[in-house]
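Summary of the model geometry
Now for the letters of each chain:
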Amino acid sequence: MVTMLRYSSVLILLIIAALSSCNQYNRILEEVYDNDQAVREWTKGISSLTADEIVNYSTEMERVDSLNQATVFSILDKEGWPSHLSDKANRAIWIVIDHSDLAYRSKYLGLVKEKADEGVLDKTDYAILNDRVLMEKGKPQIYGTQIKMVATVVDDEIAMQLCLWPVENPAALDSLRSIVGLSPIEEYLKTNCDSIGQEIVWDKEKTVSDFD
């Protein structure tokens, strides 16, 4: 009986320690998420800002991103992706990875896929990050989530135009998008066009080399 009580006490202590660790990670990561979003508020009114203001806000955003990355990547590298996190805390990890550079996005892409497969993240999170990594590596994207501003000649004048980054398999695009919970590509382009207020061009004949 004494032995059983001793084991029960140990188990309770382990459970308490695990819950305490989980709550600690939630607090840290939820604060990371709040800081990430707060430091990007200025982008909603970017059209009314001066060049100096944009530089100052951008510098502060880079500083906060650097701190957030140090926090999140330290947790991932030492502990792995913590379990039993809140949705907001899980979202914080993804958004910090998404806002990092190509090296870190590539490093944690497999982990993001694993968590999307487990249901910890949405499959759209993996699709977006995967497309971003492919685009930054100069490769066609899979799910058609990435749009790029490019210089285009229009009536003998150079104009900036929003274009869908080349897709690996245009014929299967809507099917692939549906699998990860994304809307049909035409609907996606129209929604973004209405939101941005500028046409988004998808030329299926263009390849990655046309964007060099």
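Attention here is on the structure that accompanies the text. The structure presented is a predicted model; accordingly, all values stated were derived computationally and were not measured.

1. Structural notes on the overall build of the chain
- When helices and strands are tallied, the chain shows seven helices and three strands.
- Its helices and strands in sequence order give the chain the pattern α-α-α-α-α-β-β-α-α-β, from N to C terminus.
- Put simply, the chain has 212 residues, and 35% of those count as buried.
- The long-range share in the chain, meaning contacts at least 24 apart out of those at least 6 apart in sequence, stands at 60%.
- Carbon and sulfur atoms form 53% of the exposed surface of the chain, whose accessible area is close to 13000 Å².

2. Considerations on the pattern of salt bridges
- Evaluated as defined, the whole model comprises twelve salt bridges.
- The closest approach of N and O atoms between arginine 105 and glutamate 136, which form a salt bridge, is 2.3 Å. Of the two residues, arginine 105 sits in helix α4 (residues 102-118) while glutamate 136 sits in helix α5 (residues 123-136), which places them 31 residues apart along the sequence.
- With a closest N to O distance of 2.9 Å, lysine 190 and aspartate 194 form a salt bridge. Of this pair, lysine 190 and aspartate 194 both sit in helix α7 (residues 185-196), separated by four residues, roughly a single helical turn. Here lysine 190 and aspartate 194 have matching classes, each one exposed.

3. Overview of the packing of helix α3 (residues 87-98) against α5
- Two elements in contact, α3 and α5, have axes whose closest approach is 11 Å; the angle formed by their N-to-C orientations is 15 degrees. The pairing of α3 with α5 is recorded here as roughly parallel in orientation. Along this stretch, α3 crosses α5, giving a crossing that reads as left-handed. Together, Arg91, Trp94, Ile97 and Asp98 of α3 and Asp125, Ile128, Leu129 and Arg132 of α5 make up the contact between the two elements.
- Partitioning the contact of α3 with α5 into residue classes produces four nonpolar, no polar and four charged.

4. Some words on unusual backbone geometry
- The phi dihedral of histidine 84 is positive, around 60 degrees, even though this residue is not glycine.
- With respect to the secondary-structure elements, histidine 84 resides in the loop between α2 (51-79) and α3.
- Residue classification places histidine 84 among the exposed positions, given a relative accessible area of 69%.

5. Re α2
- The terminal C-alpha atoms of α2 lie 41 Å apart, and with 29 residues this matches the ideal 42 Å at 1.5 Å per residue to within 8%.
- Of all the residues in α2, the buried ones are Met61, Val64, Asp65, Asn68, Gln69, Val72, Phe73, Ile75 and Leu76.
- Residue glycine 80 follows α2 closely and has a positive phi angle near 80 degrees.

6. Some remarks on the side chain of aspartate 98
- With respect to the secondary-structure elements, aspartate 98 resides in helix α3.
- The exposure class of aspartate 98 is buried, given its relative accessible area of 6%.
- Here arginine 132 takes part through its side chain, which lies 2.9 Å from a polar atom of the side chain of aspartate 98.
- If near-sequence neighbours (up to four positions away) are discounted, aspartate 98 is found in contact with Arg105, Ile128, Leu129 and Arg132.

7. Side note on the packing of α4 against α5
- Between α4 and α5, whose axes approach to 9 Å, the crossing angle comes to 155 degrees. By the criterion of interaxial angle, the relationship of α4 to α5 is roughly antiparallel. Of the two elements, α4 crosses α5, and the hand of that crossing is left-handed. Residues Leu102, Arg105, Ser106, Leu109, Val112, Lys113 and Ala116 of α4 form the contact with α5, whose participating residues are Lys123, Tyr126, Leu129, Asn130, Arg132, Val133 and Glu136.
- When the residues that make up the contact of α4 with α5 are grouped by side-chain class, the tally is seven nonpolar, two polar and five charged.

8. Side note on the environment of leucine 173
- Looking at the secondary structure, you find leucine 173 in helix α6 (residues 173-179).
- What makes leucine 173 buried here is its relative accessible area of 1%.
- In the structure, leucine 173 is positioned 31 residues away from isoleucine 142 in sequence and 7.4 Å away in space, judged by C-alpha atoms.

Parameters and conventions
- Residues numbered from 1 in each chain as written.
- Predicted model: local features only at pLDDT ≥ 70, side-chain atom pairs only at ≥ 80, totals over all residues.
- Heavy atoms only, no water.
- Helix = DSSP H or I, 4+ residues; strand = E, 2+ residues; numbered from the N terminus.
- Buried < 20%, exposed > 50% of the residue type's maximum accessible area, 1.4 Å probe, protein only.
- Contact = heavy atoms within 4.5 Å.
- Areas by Shrake-Rupley, 256 points an atom, 1.4 Å probe, with all protein chains shown as cover.
- Salt bridge = Lys/Arg side-chain N within 4 Å of Asp/Glu carboxyl O.
- Axes fitted to C-alpha atoms, helices over the stretch in contact; angles between N-to-C directions.
- Parallel < 35°, antiparallel > 145°, perpendicular 65-115°, else oblique.
- Left-handed = near helix turned anticlockwise from the far one by under 90°.
- Nonpolar A, V, L, I, M, F, W, Y, C, P; charged D, E, K, R; others polar.
- Expected span 1.5 Å × (residues − 1).
- Polar contact = N/O pair within 3.5 Å; in protein donor to acceptor, adjacent residues only side chain to side chain.

Function cannot be read off these values alone, since they describe shape.
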